[in-house]
Amino acid sequence: MTASLHVTAQNEIIRGEIPAMPEITWIESPEGYQVEEFASDLQVVWTIRFTPDGERIFVTERPGRVRILSPDGSMQPEPWLSLEDQIFFQGESGLTGLALHPDYPAVPWVYVMYTYMSDEGPYNRISRFTEVDGKAGDETILYDKLAAQARGGSHSGGTLQFGSDGMLYVATGDAFERQRSNDLEDLSGAVLRITPEGEVPADNPWPDNPIWAHGMRNPHGLSWQPGTGKLFTGDHGPTGEDQLMAHDRIVVLEGGRHHGWPVGVGAMNSPDYVDPILTFIPSSPPGDVLFYTGDLMPELKNNLFVSVLGFQPQDRQNLMRIKFEDPQDPSRPTAIERWFNDGAGNSVYGRLRALAIGPDGALYVGTSNHDGRQMTAEQREQPDRILRITPAN
């Protein structure tokens, strides 16, 4: 299969079918829920991770800081980790993903992915820091010199997430060089699966290869569906390649498979490629993806939340709630709600990205209005913050 991929990818991108879109409802203020400001004075919130005891919250700021918040939203004055002196903060690059070891804090390892500037240009790196006395200690570099785009800083991916199998899954972008996503010797445009020590698991699809799935453009967010155990991601569609736009998508990932980019967009209905379950036209670039598994809001149980970034026009910015109510096909989207947007181009909170479920069952949402792509001056002038969604009183 890999040999034919290299040939096919040189041709014009295939225009596949657009999967059936369920009914969409725009909801500026979702009834029965309240939104409060949980934390502020942040800059481009990318990842939110709660410690197992719920007493600390790790937050990454893309300019190069890891912050620690308390359960009341107060922030420690000094960063847990600062990489600002070496970070490449441009476009979609910088300090992005963070994950805690499955046995944290007994195993005090904290994993991050970031873009740094070298004499040769920017690269992405996956590192592990050992926590010492509540701060980042020694750094162990697991993977270095992953591709990064020098002009524009786009398509670095950057999501880190441990699975129930104890393995670390890493989403990487194609660095705006689309052929990278086809090459199994290139770790770009893929989801990697590695051990906590950074080794390649013996049961990975391709021997001695950290790639678990490939054929993505710029995947953000990883979340396993309760019940099925399937791994979902959101992937950004073209922005001009072969005069194609939009085609952002939600994909159910399959290990050992090619997921279409850059061979085609939409559903190609070919056994060689995994088709998306949703494709969006106009664009709805996904930030984070998260299945709600808390008990505080049972009506949201097993719904997939997707933070939609967007920047122009403003109606792309929203928090998307995707329902799966078909018992015969539990991974088929049956309805979509777009929260915090009136459907006429007015976004309430601007660019949203990081998603997390707290130990209290609340849904936490981080904003990214200071990443250089927010076109609304009102949102751009405010510090980035973390919002907390709970049932209305």
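Calculation criteria
- Position labels on residues start from 1 in each chain and follow its written sequence.
- Only residues with pLDDT of at least 70 are given local features in this predicted model, and only at 80 or more are side-chain atom pairs given and counted; all residues enter the totals for whole chains, interfaces and linings.
- Side-chain numbers here rest on the full set of heavy atoms in the structure, without hydrogens or water.
- Working definition: helices are DSSP H or I runs of at least four residues, strands are E runs of at least two. Numbering for both runs from the N terminus.
- All radius of gyration figures rest on C-alpha atoms, and the globule criterion is 2.2 Å times the number of residues raised to 0.38.
- Each residue gets one of three labels from its accessible area relative to the maximum for its type: buried under 20%, exposed over 50%, partly exposed in between, using a 1.4 Å probe on protein chains only.
- Any two residues whose heavy atoms approach within 4.5 Å at even a single point are treated as in contact.
- Using a 1.4 Å probe, the Shrake-Rupley method yields the accessible areas, and only the shown protein chains count as cover for residues.
- Charged residues are defined narrowly, with Lys and Arg counted positive, Asp and Glu counted negative, and His plus the chain ends left uncounted.
- All charge positions are set by atom: Lys at NZ, Arg at CZ, Asp at CG, Glu at CD.
- Paired strands are those between which DSSP finds at least two bridges.
- Two N or O atoms form a polar contact when they lie within 3.5 Å of each other; inside protein one atom must be a possible hydrogen donor and the other a possible acceptor, and for residues adjacent in sequence the pair counts only when both atoms belong to side chains.

**Q** Account for the overall build of the protein chain, with residues named and values stated.
**A** Assigned secondary structure in the protein chain consists of two helices and 27 strands. Against the globule reference of 21 Å for 393 residues, the protein chain gives a C-alpha radius of gyration of 20 Å, in line with a compact fold. Expressed as lengths along the three principal axes of its C-alpha atoms, the size of the protein chain is roughly 55 × 50 × 40 Å. For the protein chain, the proportion of its 393 residues judged to be buried stands at 60%. Across the protein chain, contacts joining residues at least 24 apart in sequence account for 56% of those joining residues at least 6 apart. In the structure as shown, the protein chain presents an accessible area of about 15,300 Å², 46% of it carried by carbon and sulfur atoms. Treating the 30 positive side-chain charges of the protein chain as one cloud and the 55 negative ones as another, the clouds have centres 3 Å apart.

**Q** Outline the pairing of strand β14 (residues 190-194), supporting the account with residue identities and numerical values.
**A** A regular strand places its side chains so that they alternate between the two faces of the sheet. Burial within β14 is extensive, with five of its five residues counted as buried. With five bridges joining them, strand β13 (residues 168-172) and β14 adopt antiparallel strand pairing. When the sheet's bridge partners are listed, Ala 171 is paired in β14 with Val 191. Across three bridges, β14 lies against strand β15 (residues 211-214) in antiparallel orientation. By the bridge assignment for β15, Ala 190 is matched with His 214.

**Q** Just give me the short version of the environment of Tyr 116, but keep the residues and values in it.
**A** Residue position: Tyr 116 is located in strand β9 (residues 109-118). Given the relative accessible area of 6%, Tyr 116 is considered buried. Each C-alpha atom of the pair Tyr 116 and Glu 378 lies 31 Å from the other, and the pair is 262 residues apart in sequence. Beyond its immediate sequence surroundings of up to four residues, Tyr 116 is in contact with Gln 86, Ile 87, Phe 88, Gly 121, Pro 122, Tyr 123, Asn 124, Arg 125, Asp 144 and Lys 145. At 3.5 Å, the side chain of Tyr 116 forms a polar contact with the side chain of Arg 125. At 2.6 Å, the side chain of Tyr 116 forms a polar contact with the side chain of Asp 144.

**Q** Lay out the side chain of Ser 154 with the relevant residues and their values.
**A** Among the secondary structure elements, Ser 154 is positioned in the loop between β11 (135-147) and β12 (159-162). Apart from residues no more than four positions distant in its own chain, Ser 154 is found in contact with Glu 92, Ser 93, Gln 149, Ala 175, Phe 176 and Arg 373.

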